[in-house]
Amino acid sequence: MFIPFHIAWKEIRGYFSSWIAYVLCAGWLLLSGLTFVSLLGAAAQGAPFSLVPLYQNLIIVFLFLTPLLTMRLLAEERATGTLELLFTSPLTPWQVTMGKWLGALAFCAVLLLLTLHFPFFVFQYGTLDAGPVWGSTIALICLAAAFCAFGVFCSSLCDSQIVAGFLTFGGLLLSWMLAWPAATAPDNRLAAVAAQFSVFAHFARMLGGAIDTQDLIFFASLSFFFLFATTRVLESRQWK
């Protein structure tokens, strides 16, 4: 029952035992900090203050960050041959998949914790609508879960970490592009249907603080689908 958590802990230690985790954290803080300062500057000029643009920028950061987090999770195991060793142990493909996914998701949770001081700072020295803050935070968690599930799936398909990273980035970018036609042509029914399959369209609806069960079900279903698909890929390799 606790085996996925042991695997996740191993992955977290692996992240922070190398320089890449600290570089990603530093870049995350730098970009989010610059956005926050620009929002404060705009508010000082009389513009209404909102943290929504900050969270909108963070989703773009996740677009580039997720491939870096997930590309090595299973591709490295396949390239070094340790994936086969995992299957000789009592571990099941589902446990391996969940452990890898939870490890990447936990790192994303650490990044989100590093941004909590922004709303606390505003609450301390000004006024801020808490609804969009909670909605955006929940949206980012859901987004990270879906992104990491897709990244783990792409990593399971490849022996090369670079190929897995580019495949993950390409898929996430395509999902973003699905929302573009609906934004430019809101009366187009086909564009509206395509936007329903975009994680960014569902994310945008949650930014205002209105958490719809339809959006939560979408992210949960998407995450489960790619985790299940990853398990099937691992099972097919297990019996080769």
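The structure displayed is predicted, hence computed values, not measured ones.

All right, on to the overall build of the chain then. Scanning the chain for helices and strands turns up 13 helices and zero strands. Tracing the chain from N to C terminus, the helices and strands come up as α-α-α-α-α-α-α-α-α-α-α-α-α. Nonlocal contacts in the chain, meaning residues at least 24 apart in sequence, comprise 75% of its contacts between residues at least 6 apart.

Our next topic: helix α2 (residues 19-44). Taking 1.5 Å per residue as the helical rise, α2 with its 26 residues ought to reach 38 Å, and the 37 Å between its terminal C-alpha atoms agrees with that figure. Residues of α2 that are buried: A21, L24, C25, W28, S32, G33, T35, F36 and L39. Against α1 (3-16), α3 (52-70), α6 (93-113) and α7 (117-125) lie the buried residues of α2.

Another point: the packing of α3 against helix α9 (residues 161-177). The interhelical angle for the contact between α3 and α9, taken along N-to-C directions, is 155°, at an axis separation of 8 Å. The pairing of α3 with α9 is recorded here as roughly antiparallel in orientation. Like other packed secondary-structure pairs, α3 and α9 cross with a definite hand, here right-handed. Here α3 contributes I60, L63, F64, T66, P67 and T70 to the contact with α9, which in turn contributes G165, T168, F169, L172, L173 and W176. Grouping the constituent residues of the contact of α3 with α9 by class yields eight nonpolar, four polar and no charged.

Time to look at the packing of aromatic side chains. The relation between two aromatic rings is expressed through the spacing of the ring centres and the mutual angle of the planes. For the structure on display, the rule yields 15 aromatic pairs. With a centroid separation of 5.2 Å and an interplanar angle of 35°, the aromatic rings of F64 and F169 are classed as tilted. Of this pair, F64 sits in helix α3 while F169 sits in helix α9, and the two are 105 residues apart along the sequence. In this structure F64 comes out as partly exposed when scored by relative accessible area, which is 49%.

Counting residues in hydrophobic clusters, the biggest one holds 64 residues, and the most contacted among them are F62, W101, L143 and F219. Every element with two or more residues in this core is listed here: α1, α2, α3, α6, α7, α8 (130-157), α12 (199-206) and α13 (213-238). The leading source of residues in this core is α8, at 15 residues. In this structure, L143 is in contact with I59, F62, V199, F203 and F219, ignoring residues within four places of it in sequence.

A probe matching the size of a water molecule, rolled over the atoms, marks out where space remains unfilled. Empty space within the largest pocket amounts to approximately 200 Å³. Lining the largest pocket are 14 residues, with A109, L112, L113, T137 and I141 positioned closest to its centre. Split by residue class, the lining of the largest pocket holds 12 nonpolar, two polar and no charged.

Where α8 meets α9, the closest approach of the two axes is 8 Å, and the angle between their N-to-C directions is 140°. Looking at the two axes, α8 sits oblique to α9. Crossing of α8 against α9: the hand is right-handed. Where α8 abuts α9, its residues F147, F150, G151, C154, S155 and L157 lie against A164, L167, T168, G171 and L172. By residue class, the composition of the contact of α8 with α9 is seven nonpolar, four polar and no charged.

Rules used throughout
Residues numbered from 1 in each chain as written. Predicted model: local features only at pLDDT ≥ 70, side-chain atom pairs only at ≥ 80, totals over all residues. Heavy atoms only, no water. Helix = DSSP H or I, 4+ residues; strand = E, 2+ residues; numbered from the N terminus. Contact = heavy atoms within 4.5 Å. Expected span 1.5 Å × (residues − 1). Buried < 20%, exposed > 50% of the residue type's maximum accessible area, 1.4 Å probe, protein only. Axes fitted to C-alpha atoms, helices over the stretch in contact; angles between N-to-C directions. Parallel < 35°, antiparallel > 145°, perpendicular 65-115°, else oblique. Left-handed = near helix turned anticlockwise from the far one by under 90°. Nonpolar A, V, L, I, M, F, W, Y, C, P; charged D, E, K, R; others polar. Phe/Tyr/Trp six-rings, centres within 6.5 Å; stacked < 30°, edge-to-face > 60°. Core = buried A, V, L, I, M, F, W, Y, C linked by side-chain atoms within 4.5 Å. 1 Å grid on protein atoms, 1.4 Å probe; cavity = no way out; pocket = protein on both sides within 12 Å on 5 of 7 lines; lining within 4 Å. Points joined across faces, edges and corners; volume = space filled by probe spheres on them.

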